[in-house]
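Architecture at a glance
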Number of protein chains: 2
Amino acid sequence: MAKHPSFDCVAGCPVEATLELIGGKWKGLLLYHLLDGTQRFNALKRMLPNITQRMLTNQLRELEAAGLVHRQVYAEVPPRVEYSLTEQGRSLAPVLHALRDWGEAYIKALASRDVS
Amino acid sequence: MAKHPSFDCVAGCPVEATLELIGGKWKGLLLYHLLDGTQRFNALKRMLPNITQRMLTNQLRELEAAGLVHRQVYAEVPPRVEYSLTEQGRSLAPVLHALRDWGEAYIKALASRDVS
DNA sequence: CAGAATCCTTTACGATACTG
DNA sequence: CAGTATCGTAAAGGATTCTG
C-alpha cells in the first residue's frame with residue numbers, strides 16, 4: 001500500500017482512503033481489539049487465532065506507519081512490546097462500531113433468511 | 001469470497017463480516033455512489049474512471065449476490081441495465097458515511113502534517 | 001450498451017524454520 | 001517474547017478482444 005496513492009474518484013475518495021487503511025484481512029480486526037486498550041504482541045495473536053506471526057507483525061507495522069497504532073518497546077528480557085491506538089487510531093472508534101453494528105444486523109438477517 | 005466463511009475471532013467477527021462485503025478495491029466506492037440513487041452500468045463506469053469493465057461487472061455481481069444491490073434489466077435495444085441499492089444496501093448508509101467522514105478528516109490531517 | 005471470454009501480472013496471504 | 005527470513009500458493013485485479 002502506497003503512502004497516498006491517487007484515488008480513483010472525486011466524490012468517494014475519502015471512502016476509498018479509509019478502506020485502504022483498515023481493509024485487508026486483519027487490520028480492521030486489530031484496530032477493533034485495540035479499542036479495548038493496550039495489548040501485547042502475543043495477546044493480539046491469541047485474539048486472532050488464525051493469524052500468522054508474519055502477518056501480525058506486518059499489519060501492525062503498516063498500521064504504525066499510517067499513524068494509527070503506537071508501538072512501545074521495553075528493553076527487557078524477555079522482550080515486551082505493547083501496542084496501542086494513537087489519538088488518530090482512537091478516532092476510528094465510530095467507524096469500527098458502525099462496521100460491527102451493521103455486521104451484526106447482517107448476520108442476523110442471514111440467519112433468519114436461512115430458516116425461511 | 002465465500003458465502004459465510006467461518007470468521008476468525010469471536011468478538012470482532014461482525015467487523016470482519018462487514019469488511020469482507022464492502023472491502024476490496026471497488027465495492028465501498030460503488031455502494032457509496034449508489035447512495036445517490038439508481039445508476040446505469042456506464043454511469044457507474046464514468047464515476048470510477050479506472051475500473052475495467054470486467055471488474056465493474058464482477059463487483060456488481062458480488063454485491064448483488066450479497067443482497068446489497070438490485071440489478072434491473074430492461075429488454076430493450078440498446079440494452080439498459082440499472083443498478084440500485086436494496087433495502088439492506090441502503091442500511092449501509094451510516095457505515096459509508098462514517099468511512100467518508102473519517103477519511104476526510106484523515107486526509108486533512110495528512111495535509112497539515114505535510115506542510116509542517 | 002452492457003457485458004463475456006481469455007490471458008496475464010501483481011499482491012496478499014500462509015507455512016515453516018530460525019533467532020536475539 | 002516478539003519477532004525475521006524464505007518460500008510458496010491463491011486470490012485479486014488488469015489488459016485486451018469479442019459480441020448480442
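In case you missed it, the structure is sitting above this.
Report on the accompanying structure. What you see is a predicted model; the values in this text were computed from it and never measured.

Attention shifts here to helix α2 (residues 27-34) of chain B. Burial runs high along α2 of chain B: eight of the eight residues are buried. By the burial criterion, the buried members of α2 of chain B are Lys27, Gly28, Leu29, Leu30, Leu31, Tyr32, His33 and Leu34 of chain B.

For the rest of this paragraph, the subject is the sheet that holds strand β3 (residues 80-85) of chain B. All names here are of chain B. Taking strand neighbours across the sheet as the criterion, the three strands line up as β1-β3-β2 in an open arrangement whose pairing is antiparallel. Each edge of the sheet is formed by a strand with only one pairing partner; in this case those strands are β1 (39-40) and β2 (69-74). Sheet topology places β1 next to β3; two bridges connect them, and they run antiparallel. Bridging across to β3, Arg40 finds its partner in Glu82. Sheet contacts for α2: β1, β2 and β3; angle to β3, the most-contacted strand, approximately 90°. Strand contacts of helix α4 (residues 53-65): β2 and β3, with the helix running at about 115° to β2, the strand carrying the most contacts.

Time to look at unusual backbone geometry. Following Val77 of chain A, the chain continues to Pro78 of chain A via a peptide bond in cis, the omega torsion being 5°. Relative to the elements of secondary structure, Pro78 of chain A occurs in the loop between β2 (69-74) and β3 (80-85).

Taken together, 21 residues sit near DNA strand C, with Lys25 and Arg54 of chain A together with Gln53, Arg71 and Tyr83 of chain B positioned nearest. Counting only atoms of DNA strand C within 4 Å of the protein, the fraction found in sugar and phosphate groups is 65%. Between a phosphate oxygen of DNA strand C and a side-chain N or O atom of Lys25 of chain A, the distance comes to 2.8 Å. For DNA strand C, a sugar or linking oxygen lies 3.3 Å from a polar atom in the backbone of Pro79 of chain B.

What follows covers the pairing of β2 of chain B. All names here are of chain B. Pairing between β2 and β3: six bridges, direction antiparallel. Bridge pairing in β3 places Gln72 opposite Glu82. Between the antiparallel neighbours β2 and β3 lie five residues.

On to the pattern of salt bridges. Tallied over the full model, the rule gives 10 salt bridges over all chains. Here Arg90 of chain A and Glu87 of chain A are joined by a salt bridge, their closest N and O atoms 3.1 Å apart. With Arg90 of chain A and Glu87 of chain A both in helix α5 (residues 87-90) and three residues apart, this pair spans about one turn of that helix. Residue Asp101 of chain B is joined to Arg100 of chain B by a salt bridge in which the shortest nitrogen-to-oxygen separation is 3.1 Å.

Another aspect to go through is the side chain of Gln39 of chain A. With respect to the helices and strands, Gln39 of chain A occurs in strand β1 (residues 39-40). Setting aside anything within four residues of it in sequence, one finds Gln39 of chain A in contact with His33, Leu34, Leu44, Met47, Val81, Glu82 and Tyr83 of chain A.

Let's shift gears to the side chain of Gln59 of chain A. Residue and element names in this part refer to chain A. Along the polypeptide, Gln59 turns up in helix α4 (residues 53-65). For Gln59, a relative accessible area of 7% puts it in the buried group. Residues in contact with Gln59, not counting those within four places in the same chain, are Trp26, Lys27 and Leu30.

Reading the values: rules and limits
Residues numbered from 1 in each chain as written. Chains lettered and ligands numbered in written order. Predicted model: local features only at pLDDT ≥ 70, side-chain atom pairs only at ≥ 80, totals over all residues. Heavy atoms only, no water. Buried < 20%, exposed > 50% of the residue type's maximum accessible area, 1.4 Å probe, protein only. Helix = DSSP H or I, 4+ residues; strand = E, 2+ residues; numbered from the N terminus. Pairing = 2+ DSSP bridges. Contact = heavy atoms within 4.5 Å. Axes fitted to C-alpha atoms, helices over the stretch in contact; angles between N-to-C directions. Near = heavy atom within 4 Å. Polar contact = N/O pair within 3.5 Å; in protein donor to acceptor, adjacent residues only side chain to side chain. Salt bridge = Lys/Arg side-chain N within 4 Å of Asp/Glu carboxyl O.

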